[in-house]
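Survey of secondary and tertiary structure
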Amino acid sequence: MSLLAKVKSFLGFKKRRFYEGGRITKANRDFWNANSPFEVTASPDRDILRARARWLHENNPIMANIDKTIVNNVVGRGIKLQSKTGLSKFDDEVEKLWREWEKKENCDITGRLNFGDLQRLILEQRMVDGEILIYKKITKDKKFPLKIQLIESDRINKFGGDFVNVIDGVEIDDNGKPIYYYIVNNRDYESKIEYIKLLAEDVINYFKLERATQYRGISEYKQAIIDLKNFAAFQTATIQAARARANIAYIVEQEGVPGFANGVRDDDFEKIQEINGVMVHYLRKGEKIAKLDPDLVSNTYKDFVESVIRMLAVARNVSYELAFRDFSKVNFSSARASIIQDNKRFDYEQQHMIDYVLNPIYESWLDSMVLAGRIKSIKPERYFANKQKYLKPKWVTPAREWVDPLKDMKAIELELALGLTTKSEVIAKRGKDFEEVLIQQKRENELIKKILGEEALNEPKE
């Protein structure tokens, strides 16, 4: 064996491998084999994927529907805060101030969006762009010092810094921890680019981490972009063909050689007459009229559309029914099984947003409010001496609707009877807090007793 053959053998150039997936053949040689850090692989394509995903989000109703449905189920009108330290005075004060801060003029540095709408925008842009930067900026506002500034990923200067420990605009320390983000500061892109360094501790770079070497996000459309574009092209071609066929009601069929009748060429024959406003075209010898097939679109078109949507739903980790809102082919059990899987996706998204967005924002907000003297029930030195004691947020997520209310309620009743769940868990799934429900029920009973008397509470329920 020659030296070159030995080297090739050592490096793995043999077609036959122990693992079939490692074989190199003509059929699979177009595989992109990239054994490199995530950012080396993703950086060249990140901007292109983001631009294409934005176009698809704005022009493709299927992807827009998937995004909106995920946002509606994960965030709804906003994930709400409850402080659960057990210190009633402190909790009441915090919740009251938080509700005031959630208003657009207090939480958004631009004064345009309330906190619920900010949550919706954060989640939606993370899915489309792959990432979004949330800058926790301390301002001179004495009432509410902390403001939220959303920075789109376009403004991350991937060429900023000294290139020693900077990866695509993110400077890291020797342990791989982000310490600075380089942001384009000037809005005139024709002039020399100016950038600023933001401390990583003041910024939340919200994205889905897929590999340990990843420091930036990448569009969550990445697995569906080509299929979506091909589907859009096929759909456009199908519609254009159908429109063309729809404009032709009848066609002329001719027997024998085109252009001849009884051996005599009749190219000059083109007799057209108008009768009562209707154009009448006289036929040549050997010609007859026939009605065009009314089946304008192939019967396989519907099957093709369903197949593509199922593929897109899998790429986005949602059910076909959620992606297309088509429940016509499922029964209660199938619909319930589908919704259970979608709810698992929503549960994960909610917890992900709580862990990586809401909790960090709440901690910075509470720090700023204590330092500003807005929390009257506690002094700053006492708070910072044992901060974890006062950082006990509970986030209330949107209510989950039932597929069949009667069947679902009977199932919940059975679970409670068997001890498989608790009333707190059941009420939490409805977007409410167990303690608040009990307090409200107590108030209602007291109001009924006051207005209608004691007898009204003891009346048997039908």
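For the structure itself, look to the data block above.
Counting of residues starts from 1 at the beginning of each chain's written sequence and follows it residue by residue. Totals for whole chains, interfaces and linings use every residue, but because this is a predicted model, local features are given only for residues with pLDDT of at least 70 and side-chain atom pairs only at 80 or more, for both listing and counting. Note that the side-chain values use all heavy atoms of the structure and ignore hydrogens as well as water.

**Quick word on the overall build of the protein**
Note on conventions: DSSP H or I runs of at least 4 residues are helices, E runs of at least 2 residues are strands, and numbering of each starts at the N terminus. Within the protein, the secondary structure is distributed over 16 helices and 15 strands. Here the term buried applies to any residue with accessible area under 20% of the maximum for its type, exposed to any over 50%, and partly exposed to those in between, with areas from a 1.4 Å probe on protein chains only. Across the 462 residues of the protein, 36% fall into the buried class. Should any heavy atoms of two residues lie within 4.5 Å, those residues are considered in contact. Pairs at least 24 residues apart make up 65% of the contacts formed inside the protein by residues separated by at least 6 positions.

**Focus: the packing of aromatic side chains**
Aromatic ring pairs are described here by two measures, namely the spacing of the ring centres and the angle between the planes. Think of it this way: a Phe, Tyr or Trp ring, Trp meaning its six-membered ring, pairs with another when their centres are within 6.5 Å, and the plane angle makes it stacked under 30 degrees, edge-to-face over 60, tilted otherwise. In this structure the tally under the stated criterion is 13 aromatic pairs. Between Tyr182 and Tyr195 the ring centres are 5.3 Å apart and the planes differ by 65°, which places this aromatic pair in the edge-to-face class. Residue Tyr182 is found in strand E6 (residues 178–184), and its partner Tyr195 is found in strand E7 (residues 195–199); the two are separated by 13 residues along the sequence. Overall, the relative accessible area of 3% leaves Tyr182 in the buried class. With 6.0 Å between their ring centres and 25° between their planes, Tyr362 and Trp365 make a pair best called stacked. Taken together, the residues Tyr362 and Trp365, both in helix H10 (residues 332–371) and three residues apart, mark about one turn of the helix. On the basis of relative accessibility, which here comes to 0%, the residue Trp365 falls in the buried class.

**Overview of helix H3 (residues 61–74)**
A helix is expected to span 1.5 Å for every residue after the first. Its 14 residues place the ends of H3 20 Å apart at the C-alpha level, agreeing with the 20 Å of an ideal helix rising 1.5 Å per residue. Every buried residue belonging to H3 is among Ile62, Met63, Ala64, Asn65, Ile66, Asp67, Thr69, Ile70, Val71 and Val74, and all of these are buried. Under this definition, polar contacts are N or O atom pairs within 3.5 Å; protein pairs additionally need one hydrogen-donor-capable and one acceptor-capable atom, and for neighbouring residues in sequence, both atoms have to be side-chain atoms. N-capping of H3 is provided by Asn60, with a side-chain oxygen placed 3.0 Å from the backbone N of Ile62.

**Some remarks on the pattern of salt bridges**
The rule for a salt bridge is simple: a side-chain nitrogen of Lys or Arg has to be within 4 Å of a carboxyl oxygen of Asp or Glu. In the structure shown here, the tally under the stated rule is 20 salt bridges. A salt bridge links Asp168 to Arg216; the shortest N-O distance between them is 3.6 Å. Note that Asp168 is positioned in the loop between strand E4 (166–167) and strand E5 (170–172) and Arg216 in the loop between strand E8 (203–206) and helix H7 (225–246), a separation of 48 residues in sequence. Overall, Arg216 belongs to the buried group, its relative accessible area being 2%. If you follow the salt bridges from partner to partner, you end up with Asp47, Arg50, Arg54, Asp129, Glu152 and Asp154 in one network.

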